[in-house]
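Topology and contacts: notes
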There are 2 protein chains.
Amino acid sequence: MATIKDIAQAAGVSLATVSRVINDGPKVGSDTRKRVKKIMEEMGYRPNANARALVTKKSASLGVVIAELHDPFFAMLAHGVESVTRKNNVQILLSAGSIEKETELRAIETLLEHRVEAMVVHSKALDDKTLVEFSKQVPGFVLINRYIPEIANRCVWLDNVTGGRLMAEYAINQGHEHVAVISSQYRIDDPNQRLEGVRTAIKHANLVLPESMIEYATPDQEGGELAMQNLLATGAKFTAVLAYNDAMASGAMTMLQDHGIAVPEQVSVMGYDDVLLAKYCRPKLTTLRYPVEMMASKAAELALKYASGKKPEEGLTFKYTPTIIKRDSIVRV
Amino acid sequence: MATIKDIAQAAGVSLATVSRVINDGPKVGSDTRKRVKKIMEEMGYRPNANARALVTKKSASLGVVIAELHDPFFAMLAHGVESVTRKNNVQILLSAGSIEKETELRAIETLLEHRVEAMVVHSKALDDKTLVEFSKQVPGFVLINRYIPEIANRCVWLDNVTGGRLMAEYAINQGHEHVAVISSQYRIDDPNQRLEGVRTAIKHANLVLPESMIEYATPDQEGGELAMQNLLATGAKFTAVLAYNDAMASGAMTMLQDHGIAVPEQVSVMGYDDVLLAKYCRPKLTTLRYPVEMMASKAAELALKYASGKKPEEGLTFKYTPTIIKRDSIVRV
DNA sequence: TTTCAAAGGGTATACGTTTTCAACAATTAT
DNA sequence: ATAATTGTTGAAAACGTATACCCTTTGAAA
């Protein structure tokens, strides 16, 4: 592959001049510029991003750490990031961290080896201290879906407590007095916070949520089915079910229907996240919208901004609140 | 960030020795090795991937070009690639090309600037010649979901003609004599090939497929709804509908149900791809499985292999055939 | 004792860029 | 006419790493 030197030789100018042409530098005559450009075209010259990154200490790329790509939620996240990197001519380096400490760590470190100065990371397995440490090393380090007070201005996150509360309040306002909850079995923040919000709303309405009305399972379709099966097996009475996410909600609906229980006529179901499937499943899912794509774009912009030298403002954070999307899976009782 | 030079200085050895330690090189005593390693640990040394790539002319990364990340199909594709890159300690560079000539081209060129020697690309907008040209420049250039005879040994693709045929045959074997087709309005290969297969099967069964029974729309939920609406508006009689993909199938089902037509009791529906939503929608979709994740993994392995110097074998290609996944959206008539 | 090989380690160059500094030519002001 | 300025160009150093080549030491074989 042709290098700058080849071009310089062919054009009869120095390396410096060619470099200036490439970068639209100021100090080169218009005729020379034209000539060099023509030769670059002819020889199919392509600047070497690695050499460039080495000398400028800027990589023109952004690292993304997510859990698993096949999860629609993360696909949306990645898409949100991609839309802004494309606008800025920035390349994405992608790593999956599958919510495991070791893997997440390796993902970030690999990115660091590539000297990306901007990063959007979704980490649930790493502890606060480690992440704060990284944020000191990488100017454009931004967390998504996580809040760490120490680096609040680098966090783009969803208020899950409020989300949980909204969910429960909506069900209660629809007249439901006996609600069951299907939560995730993974003891990370998200399910705990959502559950906390639900509990708050229920207490505030002078209702109760016995432990027997809460089931924990894997946060997917199968988990939702299993959880609902268990709920039904205990013979508990409920008219509404609040699920941890849309996949679990969908699984719960399937299981209810398999037992001849009509949704939403006999039991209402609510999801969380509003990913694609919420629109596809029947009945269409009433759910909480997690604007992950928008948030991811925000995070990417932030990362790029910080990376370019702008200092994160103190006392600032980027909190989003989910909103109810009304569809067909819940009715007034 | 500490460099090799800093380490050398701190350890009182030369650059070469440190480099040897880093790469597990042969000519360094075990005590020196230990000492250097300890110092690297202490100083938090991280090799600079850019400098490395520059001197070795190997980038230890793989480029991926897809259409849009939020499409579940591509999310699966990316995931398939990721699973093998992770195993090989290779970093993913991701670019989206949104099925537009200009964007796809830019995506590949950016990857080229980063000197990735392995690439998995999904391109529908670029012509054969351009892609063949790229394949000559990049040793590990592999196409997914596309077949170009000239570089057959770099193509991992699905036999869409057979897929279309299987689909139609299955419907016919279930006793359906009047089938309608919902296809994609984009005039790329895939829909044409699937349609060709359908036509073959229908002709072979001595049935007919009038043009009025084929509707074209955008290959998503909305397109499926629209296409079905048009089909119903013409008053055409059919007992089965073959959709271009699962999203369109889902849209078609929605529209049918909205018109009070029971699926599958009155009209059967078949999808294609078997993405997530096929399991989530109601009734569960009978569809053709496109093993995209497996294929993407294969493509990534191939790309890495070719990139590492192994020459593509002549007269070899990587053709996959879809299989029917029987669920609930079609019944015997 | 001499000779030699092997092991351990250092020097210097190359990779492809960007950028600082200095030099030169041409133009304008004095 | 000379001095000052502007515009255009080149030489060289630097970025962080890998590696080919050379040097020294050591111990064993001759």
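Residues numbered from 1 in each chain as written. Chains lettered and ligands numbered in written order. Predicted model: local features only at pLDDT ≥ 70, side-chain atom pairs only at ≥ 80, totals over all residues. Heavy atoms only, no water.

Looking now at the packing of aromatic side chains. Geometry of an aromatic ring pair is reported as the spacing of the ring centres plus the angle between the planes. For the structure on display, the rule yields eight aromatic pairs over all chains. Ring centres of Phe 73 of chain B and Phe 74 of chain B lie 5.2 Å apart, and the angle between their planes is 90°; this geometry places the pair in the edge-to-face category. In terms of burial, Phe 73 of chain B and Phe 74 of chain B fall into one category: buried. Taken together through their ring pairs, the aromatic side chains of Phe 73, Phe 74 and Tyr 290 of chain A make up a single cluster. For the cation-ring pair, Arg 194 of chain A lies above Tyr 272 of chain A, with the distance from its terminal atom to the ring centre recorded as 3.6 Å. (Phe/Tyr/Trp six-rings, centres within 6.5 Å; stacked < 30°, edge-to-face > 60°. Buried < 20%, exposed > 50% of the residue type's maximum accessible area, 1.4 Å probe, protein only. Lys NZ or Arg CZ within 6 Å of the ring centre and 35° of its normal.)

This part covers the protein's contact with DNA strand C. Ser 19 of chain A together with Thr 17, Arg 20, Lys 27 and Gly 29 of chain B are the nearest of the 26 residues found near DNA strand C. Counted by atom, the contact set of DNA strand C within 4 Å of the protein is 64% sugar and phosphate. At 2.7 Å, a side-chain N or O of Thr 17 of chain B approaches a phosphate oxygen of DNA strand C. A distance of 2.3 Å separates a base oxygen of DNA strand C from a polar side-chain atom of Arg 20 of chain B. Sorting the residues of the surface near DNA strand C by element identifies helix 2 (15-22) and helix 4 (49-56) of chain A together with helix 2 (15-22) and helix 4 (49-56) of chain B as the ones contributing at least two each. Of the residues forming the surface near DNA strand C, the biggest block, four residues, is contributed by helix 4 of chain A. A breakdown of the residues in the surface near DNA strand C according to their chemical character gives eleven nonpolar, nine polar and six charged. (Near = heavy atom within 4 Å. Polar contact = N/O pair within 3.5 Å; in protein donor to acceptor, adjacent residues only side chain to side chain. Helix = DSSP H or I, 4+ residues; strand = E, 2+ residues; numbered from the N terminus. Nonpolar A, V, L, I, M, F, W, Y, C, P; charged D, E, K, R; others polar.)

Taken together, 28 residues surround DNA strand D, and among them Arg 20 and Gly 29 of chain A together with Ile 4, Tyr 45 and Arg 52 of chain B come closest. Taking all atoms of DNA strand D within 4 Å of the protein, the share assigned to sugar and phosphate is 64%. Note that a phosphate oxygen of DNA strand D is positioned 3.0 Å from one of the backbone N or O atoms of Asn 48 of chain B. Here the surface near DNA strand D takes four residues from helix 4 of chain B, the largest share from any one element.

Next up on the list: the relation of the copies chain A and chain B. When chain A is fitted onto chain B, the two copies agree to an RMSD of 0.1 Å after a turn of 180° and an axial shift of 0.0 Å. In symmetry terms, the pair is related by a two-fold rotation axis. (Least-squares fit on C-alpha atoms with pLDDT ≥ 70 in both.)

With that out of the way, let us pick up helix 2 of chain B. Residue and element names in this part refer to chain B. Those residues of helix 2 lying buried are Thr 17, Val 18 and Val 21. All buried residues of helix 2 lie within an arc of 100° about the axis, which places them on one face of the element. Where helix 2 is buried, its residues meet helix 1 (4-11) and helix 3 (30-43). Just past helix 2, the residue Asp 24 takes up positive phi, approximately 55°. (Arc of directions from axis to C-beta. Contact = heavy atoms within 4.5 Å.)

Split into domains, chain A comes out as domain 1 (4-47), domain 2 (57-158 + 292-320) and domain 3 (160-290). Centre-to-centre, using C-alpha coordinates, domain 1 of chain A lies 36 Å away from domain 2 of chain A. (Domains from an automatic or database assignment.)

Residue and element names in this part refer to chain B. Counting across every chain of the model gives 25 salt bridges over all chains. With a shortest N-O distance of 3.6 Å, Glu 42 and Lys 38 are connected by a salt bridge. Placement of the pair is Glu 42 and Lys 38 together in helix 3, with a separation of four residues, close to one helical turn. Across the pair, exposure class does not vary: Glu 42 and Lys 38 are exposed alike. (Salt bridge = Lys/Arg side-chain N within 4 Å of Asp/Glu carboxyl O.)

Residues and elements named next belong to chain B. Spatial strand order, 7-6-8-9: four strands in an open sheet with parallel pairing. A single partner strand is all that each edge strand has here, and the edge strands are strand 7 (214-217) and strand 9 (268-270). Along the sheet, successive strands turn relative to each other by an average axial angle of 20°, direction set aside. Its contacts with the sheet place helix 8 (residues 160-173) against strand 8 (240-243) and strand 9, and it is angled at close to 170° to strand 8. (Pairing = 2+ DSSP bridges. Axes fitted to C-alpha atoms, helices over the stretch in contact; angles between N-to-C directions.)

Turning our eyes to something else, we now look at unusual backbone geometry. The omega torsion of the bond from Val 263 of chain A to Pro 264 of chain A falls at 5°, within 30 degrees of zero and hence cis. The topology assignment puts Pro 264 of chain A in the loop between helix 11 (246-258) and strand 9 (268-270). Between Arg 282 of chain B and Pro 283 of chain B the backbone carries a cis peptide bond, its omega angle lying at -10°. By the secondary structure assignment, Pro 283 of chain B is in the loop between helix 12 (277-280) and strand 10 (287-289). At Lys 57 of chain B, a position not held by glycine, the phi torsion is positive, near 60°. Mapping Lys 57 of chain B onto the fold places it in the loop between helix 4 and strand 1 (61-66). The backbone of Ser 98 of chain B shows a phi angle near 35°, a positive value even though the residue is not glycine. Here Ser 98 of chain B is to be found in the loop between strand 2 (91-96) and helix 6 (101-113).

It is worth spelling out the environment of Ser 183 of chain A at this point. All names here are of chain A. Relative to the helices and strands, Ser 183 is located in strand 6 (residues 179-184). Sequence spacing of Ser 183 and Asn 245 is 62 residues, and the spatial spacing of their C-alpha atoms is 8.2 Å. If sequence neighbours within four positions are ignored, Ser 183 has contacts with Pro 191, Glu 215, Tyr 216, Ala 217, Tyr 244 and Met 248.

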